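Residues per chain, in single letters:
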Amino acid sequence: MSIVTDIKKLHVKNFLFLTLAGIVNAIGVTMFLAPVKLYDSGISGTSILLSQITPEYLSLSLFLVLLNVPLFLYGLKKQGIVFTVYAIYTVCIYSLAAWLITDILPIDVRFVSPLAGSDLLLCALFGGLISGVGSGLAIRYGGAMDGIEVIAVIFAKKLGITVGTFVMIYNVLLYTTCGIIIKSWILPLYSIVTYGAGIKTVDFIVEGIDRSKAAVIVTSEREKVCGALSEAFERGMTVMDAKGYYSDTQKTVIYFVVNRFQVGKMREIVHEIDPGAYISISEIADIFASNMN
């Protein structure tokens, strides 16, 4: 019964964006990285390496499926059926799009990038950016492009490290292996540029173009501050009763969300009413409610 319930959580909109994610990622890898023998991160980079050192019929597309799908299935219990279905679908689209670009479409990606030529820096930057967009879209819409992230979630805590550190260690080992096998460190070093560009792009896509700001305001003028903020920004806020430790006086903690252009105005309003108010600002990536009460 739970499987049926989980399947009902799958949405057509997500599949559409995951399709786009797979295609975009394939463009970045097959048209910028693979032609000049640069390496993507994670399982994608491993697949590129294996496709280079094995017979031609063992293609990049084949390795993407063979290596990723078992990892996603291994993480099924931990990640849930919805994520697993989305992730496997995304990788299959990625693999299919890579096969179409390299073997079917009239695009020559055998020796140099059709757009950036043999310029390694351009290929590294744009390959990382474009594949990062694909990976970011996959994460934002409930899936994933790389099975190594699933393994990181499962084992990182057991090893006493963060998920990001686990992935970074994997990629360092991957690029080191690449350097040893091809007997050159130029391409692995440029691949680190790809990795850096990709991970920054993923953050940009997943967290949004314009992060909101969360303001925590500690004030003794509750009604005046809340009334002024509500009138100025026409939005709600959350208030909590508090007490100052040293002053032993009653305070109010106000949690208020604004965008980065409104921070200055908010600060002026609060300090005009209560010059002694304490304001703490932090970035937030996503908001899952239309307002706060």
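Provided above is the structure to which this section pertains.
Residues numbered from 1 in each chain as written. Predicted model: local features only at pLDDT ≥ 70, side-chain atom pairs only at ≥ 80, totals over all residues. Heavy atoms only, no water.

(A) The arrangement of the packing of helix α3 (residues 42-53) against helix α9 (residues 163-182) in detail. In contact at an axis separation of 10 Å, α3 and α9 are set at 15° when each is read in the N-to-C sense. For the element pair α3 / α9, the angle class is roughly parallel. Considering only the axes of α3 and α9, their crossing is left-handed. Across from G42, I43, G45, T46, L49 and I53 in α3, the residues of α9 making contact are Y170, N171, L174, T177, C178 and I181. (Axes fitted to C-alpha atoms, helices over the stretch in contact; angles between N-to-C directions. Helix = DSSP H or I, 4+ residues; strand = E, 2+ residues; numbered from the N terminus. Parallel < 35°, antiparallel > 145°, perpendicular 65-115°, else oblique. Left-handed = near helix turned anticlockwise from the far one by under 90°. Contact = heavy atoms within 4.5 Å.)

(B) Expanded view of the pattern of salt bridges. Evaluation of the coordinates by the stated rule reveals five salt bridges. The salt bridge involving R110 is made with D108; its shortest N-O contact spans 2.9 Å. Given the relative accessible area of 42%, D108 is considered partly exposed. Salt bridges sharing partners connect three or more residues here, namely R222, E223 and D241. (Salt bridge = Lys/Arg side-chain N within 4 Å of Asp/Glu carboxyl O. Buried < 20%, exposed > 50% of the residue type's maximum accessible area, 1.4 Å probe, protein only.)

(C) Highlighting the nonpolar core. Membership of the largest hydrophobic core comes to 43 residues, with the highest contact counts inside it found for A26, V29, L38, Y39, Y94 and F166. Those elements giving two or more residues to this core turn out to be α2 (12-33), α3, α4 (60-74), α6 (81-104), α7 (120-140), α8 (147-159), α9 and α10 (186-207). With seven residues, α2 is the largest single contributor of residues to this core. Sequence-distant contacts of V29, that is, excluding residues within four places in its chain, are made with A34, P35, D40, S44, I48, L60, Y94 and S131. In this structure, I217, V225, L229 and M266 belong to the second largest nonpolar core, which totals 16 residues. (Core = buried A, V, L, I, M, F, W, Y, C linked by side-chain atoms within 4.5 Å.)

(D) A nonpolar patch on the surface, seen in detail. A grouping of L121, L122, L125, F126, L129 and V193 is seen on the molecular surface, where their side chains present a nonpolar patch of about 450 Å² in accessible area. Relative to the helices and strands, L122 is located in helix α7. (Patch = residues over 30% accessible without salt bridge, like charges linked within 9 Å, V, L, I, M, F, W, Y side chains within 5 Å. Areas by Shrake-Rupley, 256 points an atom, 1.4 Å probe, with all protein chains shown as cover.)

(E) Representation of the packing of aromatic side chains. Enumeration according to the criterion identifies eight aromatic pairs in this entry. Look at Y74 and F155: their rings are 6.3 Å apart centre to centre, the planes differ by 10°, and that puts the pair in the stacked class. Of the two residues, Y74 is situated in helix α4 and F155 in helix α8; the sequence distance between them amounts to 81 residues. Y74 sits in the exposed class, given a relative accessible area of 51%. (Phe/Tyr/Trp six-rings, centres within 6.5 Å; stacked < 30°, edge-to-face > 60°.)

(F) View of the side chain of N68. In this fold, N68 is placed in helix α4. Only 3.0 Å separates the side chain of N68 from the backbone oxygen of L64, close enough to count as a polar contact. Those residues in contact with N68, other than ones at most four positions away along the chain, are I43, F63, V91, M145, D146 and G147. (Polar contact = N/O pair within 3.5 Å; in protein donor to acceptor, adjacent residues only side chain to side chain.)

(G) Region of the structure containing the sheet that holds strand β1 (residues 212-219). Read from one edge to the other, the open sheet built from four strands follows the order β2-β3-β1-β4, with strand pairing classed as antiparallel. At either end of the open sheet lies a strand with only one pairing partner, and these are β2 (238-243) and β4 (278-284). Taken over all neighbouring pairs, the strand axes of this sheet differ in orientation by 25° on average, direction set aside. Pairing geometry for β1 and β4, over seven bridges, is antiparallel. (Pairing = 2+ DSSP bridges.)

(H) Molecular detail of unusual backbone geometry. At K37, a position not held by glycine, the phi torsion is positive, near 65°. With respect to the helices and strands, K37 occurs in the loop between α2 and α3. The class of K37 is partly exposed, set by a relative accessible area of 43%. With a phi angle near 50°, E234 is a residue other than glycine that sits in the positive phi range. Mapped onto the secondary structure, E234 falls in the loop between α11 (222-233) and β2.

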